[in-house]
Amino acid sequence: MAMTDTDVSVTKEPAGTVRRGGGDPATRGRTTIADGVVEKIAALAARDVVGVHAMGSGLSRTFGAVRDRVPGGKPPVTRGVKAEVGEKQTALDLEIVVDYGVAIVDVARAVRENVVAAVERMTGLEVVEVNIAVGDVKLPDEEDEETEPRIQ
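Residues numbered from 1 in each chain as written. Predicted model: local features only at pLDDT ≥ 70, side-chain atom pairs only at ≥ 80, totals over all residues. Heavy atoms only, no water.

Within the UniProt record for the chain, the comment given under Sequence similarities (unreviewed entry) is "Belongs to the asp23 family." (UniProt positions renumbered as here; feature names shortened; annotations may be inferred.)

This is the structure in structure tokens:
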């Protein structure tokens, strides 16, 4: 097949013009998101839900309370959250402590919705599952383990 002048389009650029990579700059390269980033987002989103008293199991909260008493020790934001992050999707496991008297099913649903919305909005990852384990119930007369350090 013979080519005619209409088959080829040639664009003349001014002398000295340097052509850089083609396409939308936003599509050049890769973005990776660490598991810890997704865990922080999920933990903060879960804590925002009314009825969630704390994150993590009783044992992790006990160790956390001891660590908090050490000078310079800070509570880990991601306590009670484990994320598995792939290139386009993530799955989360959360362990929560709920306040006594709340409907656990409703709290779990609200946590799931809040976590999915926050993670997907902030990371662009698809959240394929959010597993929630309720590890404890905070009774009204129970002392909170993390309120006041005994050592000043």
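## Things to note about the packing of helix H1 (residues 35–47) against helix H3 (residues 104–123)
One can describe the packing of H1 onto H3 by two numbers: an axis separation of 8 Å at closest approach and a directional angle of 140°. Here H1 is positioned oblique relative to H3, judged by the angle of their axes. Taken as a pair, H1 and H3 cross one another with a handedness that is right-handed. Across the interface between the two elements, Val38, Ile41, Ala42, Ala45 and Ala46 from H1 touch Val111, Asn114, Val115, Ala118, Val119, Met122 and Thr123 from H3. (Axes fitted to C-alpha atoms, helices over the stretch in contact; angles between N-to-C directions. Helix = DSSP H or I, 4+ residues; strand = E, 2+ residues; numbered from the N terminus. Parallel < 35°, antiparallel > 145°, perpendicular 65-115°, else oblique. Left-handed = near helix turned anticlockwise from the far one by under 90°. Contact = heavy atoms within 4.5 Å.)

## Thoughts on the nonpolar core
Core analysis: the largest hydrophobic core is formed by 23 residues, its most contacted members being Leu92, Leu94, Val111, Val115 and Val119. Of all the elements in the fold, those that place two or more residues in this core are H1, strand E1 (52–55), strand E2 (81–85), strand E3 (89–99), H3 and strand E4 (126–138). Ranked by the residues each element gives to this core, the list is headed by H1, at 6 residues. Once residues within four sequence positions are removed from consideration, leucine 92 is found in contact with Val38, Ala42, Val81, Lys82, Ala83, Val115, Val119, Val127, Glu129, Val130 and Asn131. (Core = buried A, V, L, I, M, F, W, Y, C linked by side-chain atoms within 4.5 Å. Buried < 20%, exposed > 50% of the residue type's maximum accessible area, 1.4 Å probe, protein only.)

## With respect to the environment of valine 107
Assignment of secondary structure puts valine 107 in helix H3. Residue class for valine 107 comes out buried when judged on its relative accessible area of 5%. C-alpha of valine 107 to C-alpha of alanine 46: the two residues are 61 residues apart in sequence and 9.5 Å apart in space. With sequence-adjacent residues up to four places away left out, valine 107 is seen in contact with Val49, Val50, Gly51, Val52, Ile96, Val98 and Val102.

## With respect to the layout of surface pockets
In this approach, a probe sized like a water molecule rolls over the atoms, and the result shows the empty space that is left. Of the volumes computed, that of the largest pocket is approximately 240 Å³. In terms of lining residues, the largest pocket is bounded by Arg30, Thr31, Thr32, Ile33, Val85, Gly86, Glu87, Lys88, Thr123, Gly124 and Leu125. Among the residues forming the lining of the largest pocket, the class breakdown is 3 nonpolar, 5 polar and 3 charged. (1 Å grid on protein atoms, 1.4 Å probe; cavity = no way out; pocket = protein on both sides within 12 Å on 5 of 7 lines; lining within 4 Å. Points joined across faces, edges and corners; volume = space filled by probe spheres on them. Nonpolar A, V, L, I, M, F, W, Y, C, P; charged D, E, K, R; others polar.)

## Concerning the environment of glutamate 126
On the secondary structure map, glutamate 126 appears in strand E4. Judged by its relative accessible area of 41%, glutamate 126 falls in the partly exposed class. Each C-alpha atom, one on glutamate 126 and one on threonine 90, is 6.2 Å from the other, the two residues being 36 residues apart in sequence. The residues touching glutamate 126, leaving out its near neighbours within four places in the chain, are Lys88, Gln89, Thr90 and Glu120.

## Considering the pairing of E4
By the bridge criterion, 11 bridges tie E3 to E4 in an arrangement that is parallel. Of the residues in E4, the one forming a bridge with aspartate 93 is asparagine 131. On the question of chirality, the crossover connecting E3 to the parallel E4 by way of H3 is right-handed. (Pairing = 2+ DSSP bridges. Right-handed = clockwise from strand over helix to strand, strands pointing away.)

## Quick word on H3
The end-to-end C-alpha distance of H3 is 28 Å, a good match for the 28 Å that 20 residues give at a rise of 1.5 Å each. All buried positions along H3 are accounted for by Val107, Ala108, Val111, Val115, Ala118, Val119 and Thr123. Buried positions in H3, seen along its axis, are confined to an arc of 110° and lie on one side of it. Seen from the buried face of H3, the exposed residues on the opposite side, beyond 90 degrees, are Val105, Glu113 and Arg121. Packing partners of the buried residues in H3 comprise H1, E1, E3 and E4. After H3 finishes, the residue glycine 124 shows a positive phi value of roughly 80°. (Expected span 1.5 Å × (residues − 1). Arc of directions from axis to C-beta.)

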